[in-house]
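Commentary on secondary and tertiary structure
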Amino acid sequence: MGNPTIHPTGATVYNPEKAASGFTIFQAANEGALLIDMNGKEVHLWKGLRGFPNKVFPGGFVLGHTFNRDPQYGFQDEGDLVQIDFEGNVVWKFDKHQYIEDPGKEARWYARAHHDYQRTGSPVGYPAPDQEPQTTGGNTLILVHRDVVNEKISKHPLLDDAFIEVDWEGNIVWEWNAHEHFDELNFSDEAKKAIYEEPNRRFFGNHSGDWLHINSISLVGPNRHYDNGDERFHPDNIIWDAREANIIAITSKETGKIVWQLGPDYDTPETKHLGWIIGQHHAHIIPKGLPGEGNVLVFDNGGWGGYGAPNPNSVDGNKVAIRDHSRILEIDPITLEIVWQYTGLEAKYSVPTDSYKFYSPYISSAQRLENGNTLITEGSNGRIFEVTADHEIVWEYISAYKNERGSNMVYRAYRVPYNWVPQLETPVEVEIKPIDVKDFRVPNAAEGGAHSVAEIKEAFSYGEGALCVARYDETVAKKITT
C-alpha cells in the first residue's frame, strides 16, 4: 500500500453524538504510555513506561513494563510487569519468573512477559458492565516465554509460550505450557513436517523457533454458552491465539486441555465459509453486558502465517497462507457463523482491488464498546478508529510518534471511561468533521481545477467497465446469474 509522505496526525474525525466518550491509552513510540481524549489532546503521559500493551485500570493506574531484555539474547522479553499510579510510582511488580545471566549483563530476574496479561475482575482488560480489574489485590494472568527442547515438535530448540498466574505477592500459582499440548492442535502431517524442519526460527538470541507466537490471552469470562451448560466456555478458561499457526483456542483452566479451537485448517466443511484467518491478533470473547456478548471478536490480520505443504508462496512450508488485507470478525463460537465484520467492503473500498487500504499484517486489536461500536487498532499504520455497527467511522486518530525504524506502529489501544482516571477533569468534547480531501491542500499548493480546458467534442463514455481484476460485485453477480 502506498502512503502519502504528508498526512494529518492526531484526531482527524470525531462525531460526539455517535462515538463512545472516554480516554484512549496506547504506547506512543519512544515516549511511553500516552492517554488522549476524544479530540486527541495528550492529557497524560507515563514517560518511559513500555507497553506490550499498556492498560488503564480504575483509579488512574496504568500497567506496562519498565525494561526489556537485551534483544541479542532474547526475543520480545519484557523484564517485568508493573502497575503504576498516576504520579508514576510503582505500586505492584512481578519479575520473578526466570533468573537469567546473559553474557556481559548483570544477573537478574526477568518476567519474560510478552503481548498480554489480565487481572482478576476483568476477563479481557477493557471495561464491561460489572467487570472491573482489581487494583489492590487479586491474581494476574501473564503470557510469558520459556526456552524448551521438544524433539517431538522440532529438531531445533523452541521459544515456547506459557501462561502463568501469579498472586498479589508474586507467587506463581498456576501455569500452562503450550509445547505440552502439541498433539491437541490438529496440525496436518505436512504442517508437522514443516515445524520439525523449520519452526519459525528468527535468529534472535539463541536462534530458537518461535513456533506458535501466541499474542493474546484472555479469560472467557461469564457468558451465555456456559449458562446454557457448555463447559468449554467455563468463565475461568483461557482463550488465546497463535499468530504463526493461525489458531484460536480455549484452554481448560481445570484440566489444561484444549477444549475449543479454530484453525489451523480453514478448508474444512465447518470453517470454509469463514475464509482463512491468518496471523490474527487479540482474539477474545466479548464480555457479558456488551453488545455481541459471548461472541469471539478478533483482528484477522491477513499477511502471512500457518504451516503446511510447500507452495509457490512458501518453499519450506512456513507461512503458507497469505492475504493482503485485514478483517475484523465477530464469530458465534457455537455455530461458527460471522455475526458482524469490518473489511474493505464495509469500508466502501473496491474489493478486492482496494482491500489493502484496510491492512495491518502484524499487531492490532479490536474492542467492543458499550454503545455497540468497535474500537479498532490498525496497528502497523498507527491508526486507531471507532466504527458503529453500521460501519460508519465516528472517531479516528493517527499517531505522530515514530520508532527507530520510522514506524508509527501502535501495538494495541484501549478506550476507558473518563471516571477511571479521576485525577483528570472530564474534557470538553468538540466535533471534528471529516475533511473533504479533494479540497485539502498544504500551504502554497495550488487549488484544484484545471487552469486551461480543451473539450473533446467527439469523446463519450458508457460508464465504468471491468477492471484488470474481478471485483467482489462481479463475482456475486456471476453467482446469482448462474
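Residues numbered from 1 in each chain as written. Predicted model: local features only at pLDDT ≥ 70, side-chain atom pairs only at ≥ 80, totals over all residues. Heavy atoms only, no water.

**Topic: the overall build of the chain**
Cut-off, in case you're wondering: Labels follow the DSSP assignment, with helices taken as runs of H or I lasting at least four residues and strands as runs of E lasting at least two, numbered in each case from the N terminus. Buried residues are those whose accessible area, probed at 1.4 Å on protein chains only, stays under 20% of the maximum for their type, while exposed residues exceed 50% and partly exposed ones sit between those limits. We call two residues contacting when some pair of their heavy atoms lies within 4.5 Å. His is not counted, nor are the chain ends; Lys and Arg add positive charge and Asp and Glu add negative charge. Charge placement uses NZ in Lys and CZ in Arg. For Asp and Glu, CG and CD serve respectively.
Of regular secondary structure, the chain possesses three helices and 29 strands. Considered along the principal axes of its C-alpha atoms, the chain spans approximately 80 × 55 × 55 Å. Within the span of the chain, comprising 482 residues, buried residues form 55% of the whole. Sequence-distant contacts in the chain: of pairs separated by 6 or more residues, those separated by 24 or more amount to 59%. Across the chain, the mean location of the 44 positive side-chain charges is 4 Å away from that of the 70 negative side-chain charges.

**Quick word on the pairing of strand β15 (residues 214-219)**
Applied cut-off: A strand pair is defined by DSSP finding two or more bridges across the two strands.
Where burial is concerned, most of β15 is hidden: five out of the six residues are buried. Pairing between β15 and strand β16 (residues 238-242): five bridges, direction antiparallel. Counterpart to Ser 216 in the pairing with β16 is Asp 241.

**Focus: the sheet that holds strand β23 (residues 327-331)**
Our working definition: To get an axis, a line is fitted to the C-alpha atoms, and for a helix only the part in contact is used. The angle between two axes follows their N-to-C directions and goes from 0 to 180 degrees.
Taking strand neighbours across the sheet as the criterion, the four strands line up as β19-β20-β23-β24 in an open arrangement whose pairing is antiparallel. With partners counted over all chains shown, the strands left at the sheet margins are β19 (281-285) and β24 (338-342), one partner each. Neighbour-to-neighbour, the strand axes of this sheet turn through a mean angle of 15 degrees, independent of strand direction. As judged from the three bridges shared by β19 and strand β20 (residues 296-300), these two strands associate in the antiparallel manner. Paired with Ile 285 across the strands is Val 296, a residue of β20.

**Some points on the sheet that holds strand β2 (residues 23-28)**
Within the open sheet, the four strands sit side by side as β4-β3-β2-β29. Their pairing is antiparallel. At either margin of the open sheet sits one strand with a lone partner, and together these are β4 (42-47) and β29 (414-416). Averaged over all pairs of adjacent strands, the angle between their axes in this sheet comes to 25 degrees, without regard to strand direction. Summarising the sheet, β2 and strand β3 (residues 32-36) pair through five bridges and their orientation is antiparallel. Along β3, the bridge assignment pairs Gln 27 with Ala 33.

**With respect to unusual backbone geometry**
Put simply, Gly 263 and Pro 264 share a cis peptide bond, and its omega is 5 degrees. If you trace the backbone, Pro 264 turns up in the loop between β18 (258-262) and β19. The peptide bond linking Val 351 to Pro 352 adopts the cis configuration, its omega dihedral lying at 5 degrees. As for its position among the elements, Pro 352 is in the loop between β24 and β25 (365-368).

**Looking at the packing of aromatic side chains**
Ring pairs (aromatic) are described by centroid distance and by the angle formed between their planes. How we decide: Paired rings are identified among Phe, Tyr and Trp, the last through its six-membered ring, by centres lying within 6.5 Å, and are further divided according to the angle between planes into stacked (under 30 degrees), edge-to-face (over 60) and tilted (the rest). Whether a charge lies above a ring is judged from NZ of Lys or CZ of Arg, which has to be within 6 Å of the ring centre and within 35 degrees of the ring normal.
Within this structure, the stated rule accounts for 22 aromatic pairs. Chaining the aromatic ring pairs together yields one cluster made of Phe 182, Phe 187, Trp 211 and Tyr 307. For the cation-ring pair, Lys 55 lies above Tyr 117, with the distance from its terminal atom to the ring centre recorded as 4.5 Å. The ring of Phe 385 carries the charged tip of Arg 383 above its face, separated from the ring centre by 3.8 Å.

**Quick notes on the environment of His 65**
What counts here: A 3.5 Å cut-off defines polar contacts: any pair of N or O atoms within that distance qualifies, except that in protein one atom must be a possible hydrogen donor and the other a possible acceptor, and neighbouring residues in sequence count only when both atoms are side-chain atoms.
Tracing the backbone shows His 65 in strand β6 (residues 61-65). Residue His 65 is classed as buried on the basis of its relative accessible area of 1%. For the pair His 65 and Gly 465, spaced 400 residues apart in sequence, the C-alpha separation works out to 54 Å. Setting aside its immediate chain neighbours within four residues, His 65 contacts Gly 48, Leu 49, Arg 50, Gly 51, Phe 52, Pro 53, Glu 78, Asp 80, Leu 81, Val 82 and Ala 113. At 3.5 Å, the side chain of His 65 and the backbone nitrogen of Phe 52 are in polar contact.

**Focus on helix α1 (residues 189-197)**
To be explicit about the condition: Relevant arc is that of directions from the helix axis to the C-beta atoms, nothing else.
Of all the residues in α1, the buried ones are Ala 191, Ala 194 and Ile 195. Seen from one end, α1 has its buried residues packed into an arc of 95 degrees, which puts them on one side. Residues of α1 that are exposed and angled more than 90 degrees away from the buried face: Asp 189 and Lys 193. The secondary structure elements touched by the buried residues of α1 are β21 (303-307) and β22 (318-323).

**Notes on the pattern of salt bridges**
Pairing is possible between side chains of opposite charge, provided their charged atoms come close. Quick note on the threshold: For this analysis, a salt bridge means a side-chain nitrogen from Lys or Arg found within 4 Å of a carboxyl oxygen belonging to Asp or Glu.
Evaluation of the coordinates by the stated rule reveals 29 salt bridges. For the salt bridge of Arg 232 with Asp 230, the shortest nitrogen-to-oxygen distance reads 2.8 Å. Arg 232 sits in the partly exposed class, given a relative accessible area of 31%. Judged by relative accessible area, Asp 230 falls into the buried class, the value being 18%. Because the salt bridges share partners, they merge into one network encompassing Arg 69, Asp 77, Asp 102, Arg 112 and Asp 147.

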